[in-house]
Amino acid sequence: MPIIVEIDVLLAKRKMSVGELADRVGITPANLAVLKNGRAKAMRFSTLAALCEALECQPGDLLRWEAGDE
């Protein structure tokens, strides 16, 4: 998929665990893992906003586009 989710990078910079982030955002650790590992097909804007608030970042810090063979 050409959209890369950078949650793991931001978690490492913030020294935060997946479980802690899931609690702050209000989603399950399993659903956060789906996002983190790039297996999600969609993300709600409310989830994106909650991630940005919890990680103190902008949407562009979480998502990046990479050309791929689609």
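Note that the coordinates shown come from a computational prediction; the quantities given were computed from them, not determined experimentally.

So, how was this worked out
- Going along each chain's sequence as written, the residues are numbered from 1 onward.
- Per-residue local features are limited, in this predicted model, to residues with pLDDT of at least 70; the limit for side-chain atom pairs, both in listing and counting, is 80 or more; totals at the level of whole chains, interfaces and linings are taken over all residues.
- As a convention, hydrogens and water are excluded, and side-chain values are obtained from all of the structure's heavy atoms.
- Helix and strand definitions here come from DSSP, where helices need a minimum of 4 consecutive H or I residues and strands a minimum of 2 consecutive E residues; each element is numbered from the N-terminal end.
- Think of it in three bands: residues with accessible area under 20% of the maximum for their type are buried, residues over 50% are exposed, and the middle band is partly exposed, with areas taken using a 1.4 Å probe on protein chains only.
- Residue contacts are counted whenever heavy atoms from the two residues lie within 4.5 Å of one another.

The subject of this paragraph is the environment of Met43. Looking at the secondary structure, you find Met43 in the loop between α3 (29–36) and α4 (45–55). On the basis of relative accessibility, which here comes to 27%, the residue Met43 falls in the partly exposed class. Residue contacts for Met43: discarding those within four places in its chain leaves Leu35, Leu48, Leu51 and Leu63.

Looking now at the environment of Phe45. Looking at where Phe45 falls in the secondary structure, it is placed in helix α4. With 10 residues separating them in the primary sequence, Phe45 and Leu55 have C-alpha atoms 15 Å apart.

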